[in-house]
Amino acid sequence: MADEKSPRPAVEETIIIGSGPAGWTAGLYTARANLNPLLITGNDYGGQVSITYEVENYPGFPEALSGPELVEKMKEQAEKFGLTTEYDHVSEIVTDQHPFVVRTVNGKEYKAKSLILCTGARPRYLQVPGEKELTGKGVSYCATCDGFFFRGKDLVVVGGGDSAVEEALFLTKFATKVRIIHRRDELRASKILRDRAFANEKIEFVWNSVVTSINGNGSVSGVSIENTLTGEASELKTDGVFVYVGHLPNNDLYHGKLHLDEDGHLITDKKMRTNVAGIFAAGEIQDKVFKQVATSVGQGCSAAMQTEKFLAEFEAEGYHGAGVDAREFPEIPTFVPQRAAERELVLA
Ligand SMILES: Cc1cc2nc3c(=O)[nH]c(=O)nc-3n(C[C@H](O)[C@H](O)[C@H](O)COP(=O)(O)OP(=O)(O)OC[C@H]3O[C@@H](n4cnc5c(N)ncnc54)[C@H](O)[C@@H]3O)c2cc1C
């Protein structure tokens, strides 16, 4: 805890918000740059990785390791170089004055010359019995991450948007059969994906149906479903359940303060800058395309390097950038969704 270590400065050089892969990486890089960074973990310590049973696709670890193990390694490495970790949750940031102000649910208030926002995202859950207990034991929210473990298995995918169909197609590389359970009688996914799914002989559809529970003892054995038109209940036997009913960025702190795209992700440019000078963002709070540990780590690194540059310029020139500063930010990107159906994810 920050209190047990050396006293914090009156104004922090940088505060990192979030303890997922992007946050720890930003912590590592800013610590090694001698910025004496402070990282505030948030209520979900370790972020989404900490609910990941096994991470097999993070380079450098040929033997898979568990998500919580990876988090501890990232934390240890960053703290070794001087990162201070504070176990707290940010309730408010003030962005229209400099230094910025960060307030927490434990009643702390910090001032900071720069912020690195790594508050990530969360999958939308089905919130049905069995889901929580069987996550990592057959229930997954990431086909790229977990599809490999389901070679030769029978799977269901829940959802009807682009992500659901894209991931169902991906899963056919491993599974013998993939059933898409959708609460309507047609997919919302783009035409090209629909066509591919209809043409794929491994994919079947269960229309007008919602999952009411995920069943199994220690591993998934099936799902209970209910027909939305008739109310009829039945059970499907399956080995795994992939849930794609939406992905929600953790953006509560930013409304009315920083530019968000239409899906609620922070808008950043290639240098990870938000529209306020000195405030950077990394990881899934600003990236809805790649959504991996490796990409979040890369973005955390970039944001930290830019923070260091910003602070050097700030020391030399002072602050000139509260609010949108056209001189500092000549090219605030306008978000144009590549796939219209992505917009519907949060509504799935
Ligand atoms: C079940 C599952 C399995 C996955 N498996 C893999 C895998 O095998 N390989 C892979 O590469 N990727 C995997 N992913 C994706 C990967 O976990 C994410 O891409 C990655 O964690 C995103 O990192 P992040 O740092 O952007 O944010 P997150 O991991 O989302 O972390 C966000 C952090 O922000 C904090 N926070 C939020 N709000 C506040 C606040 N107000 N104050 C303070 N802190 C706050 C949270 O507490 C949390 O610590 C998986 C995801 C899931 C859900």
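Counting starts from 1 at the beginning of each chain's written sequence and moves along it residue by residue. Where totals are concerned, whole chains, interfaces and linings use all residues; where local detail is concerned, this predicted model gives features only for residues with pLDDT of at least 70, and gives and counts side-chain atom pairs only at 80 or more.

### Focus: the overall build of the protein chain
- Numbering of helices and strands runs from the N terminus, with a helix taken as a DSSP run of H or I at least four residues long and a strand as a DSSP run of E at least two residues long. Along the protein chain, the regular secondary structure elements total 7 helices and 17 strands.
- It is over C-alpha atoms that the radius of gyration is taken, and the globule rule equals 2.2 Å times the number of residues to the power 0.38. Since a compact globule built from 348 residues should have a radius of gyration of about 20 Å, the 22 Å found for the protein chain is in line with a globular shape.
- Structurally, the protein chain occupies a C-alpha span of about 65 × 40 × 35 Å along its principal axes.
- Here a residue counts as buried when 20 or more other C-beta atoms sit within 10 Å of its C-beta, as exposed when there are 12 or fewer, and as partly exposed otherwise, the C-beta atoms being derived from the backbone. Across the 348 residues that make up the protein chain, the buried fraction comes to 46%.
- Contact between two residues is assigned whenever their backbone-derived C-beta positions fall within 7 Å. Relative to all contacts within the protein chain whose residues are 6 or more apart in sequence, the contacts with residues 24 or more apart total 65%.

### Focus: the sheet that holds strand β11 (residues 203–206)
- Two strands pair if DSSP finds at least two bridges between them. Reading across the sheet, the 5 strands line up as β8-β15-β9-β10-β11 and stay open at both edges, with parallel pairing between neighbours. The open sheet is flanked by β8 (139–140) and β11, the only strands paired with a single partner.
- Across 4 bridges, strand β9 (residues 154–158) lies against strand β15 (residues 240–243) in parallel orientation. In the sheet register, V156 faces β15, and the bridge partner there is V241.

### Digging into helix α1 (residues 21–32)
- Compared with the 16 Å implied by 1.5 Å per residue over 12 residues, the 17 Å span of α1 between its first and last C-alpha is a close match.
- Taking burial as the measure, the 12 residues of α1 include 11 buried ones, the bulk of the element.
- Buried residues along α1 sit against β1 (12–17), β2 (38–40), α2 (67–80), β6 (109–117) and α7 (293–317).
- The first or second residue beyond α1 is N34, which carries a positive phi of 65°. Helices are assigned an expected span. That span is 1.5 Å times one less than the residue count.

### Digging into the site of the ligand
- Nearness is defined per residue: the C-beta atom, placed using the backbone, must lie within 6 Å of the molecule or strand. Near the ligand you find 40 residues, and of these G20, G42, G47, G120 and G283 are the closest.
- Taken together, the residues that form the shell around the ligand break down as 18 nonpolar, 19 polar and 3 charged. In this count, Pro and Cys sit with the nonpolar residues alongside Ala, Val, Leu, Ile, Met, Phe, Trp and Tyr, while Asp, Glu, Lys and Arg are called charged and the others, Gly among them, polar.

### What about the domain arrangement of the protein chain?
- Boundaries between domains were set according to an automatic or database domain assignment. Segmentation of the protein chain into domains returns domain 1 (15–123 + 247–344) and domain 2 (131–243).
- Listed per partner, the contact involves 11 residues of domain 1 and 12 residues of domain 2.
- Each residue belonging to the side of domain 1 that touches domain 2 can be placed in one class, and the counts come to 4 nonpolar, 3 polar and 4 charged.

### Observations regarding the nonpolar core
- One nonpolar core equals one set of buried Ala, Val, Leu, Ile, Met, Phe, Trp, Tyr and Cys residues connected by C-beta atoms within 7 Å. Within the largest apolar cluster, 49 residues are counted, with the highest numbers of intra-cluster contacts made by I15, A26, L115, I116, L117, C118 and A282.
- Among the elements that line this core, the one with the most residues is α1, at 6 residues.
- Leave out the neighbours within four places in its chain, and I116 touches T14, I16, A26, F280, A282, A303, A304 and T307.
- Formed by 34 residues, the second largest nonpolar core is a distinct cluster that contains L134, F150, V156 and L171.

### Focus: helix α5 (residues 162–171)
- Of all 10 residues in α5, 9 are buried; the element is thus mostly enclosed.
- Regarding α5, the residues found buried are D162, S163, A164, V165, E166, E167, A168, L169 and L171.
- Looking at the buried side of α5, the elements it contacts are α4 (143–146), β9, β10 (177–181), α6 (191–199), β11 and β15.

### Describing the environment of I180
- Mapped onto the elements, I180 comes out in strand β10.
- Given 25 C-beta atoms within a 10 Å radius, I180 is considered buried.
- As a C-alpha pair, I180 and S209 span 29 residues in sequence and 9.9 Å in three-dimensional space.

### Quick look at the sheet that holds strand β14 (residues 233–237)
- Strand order across the open sheet formed by 3 strands is β12-β13-β14, with antiparallel pairing between neighbours. Single-partner strands in this sheet number two, and they are β12 (209–215) and β14. On average, adjacent strands in this sheet sit at an angle of 30° to one another, irrespective of strand direction.
- Judged from the 6 bridges that link them, β12 and strand β13 (residues 222–227) form a sheet pairing that is antiparallel. By the bridge assignment for β13, S213 is matched with S224. Simply put, an axis is a line fit to the C-alpha atoms, just over the touching stretch for a helix, and the angle between two N-to-C directions goes from 0 to 180 degrees.

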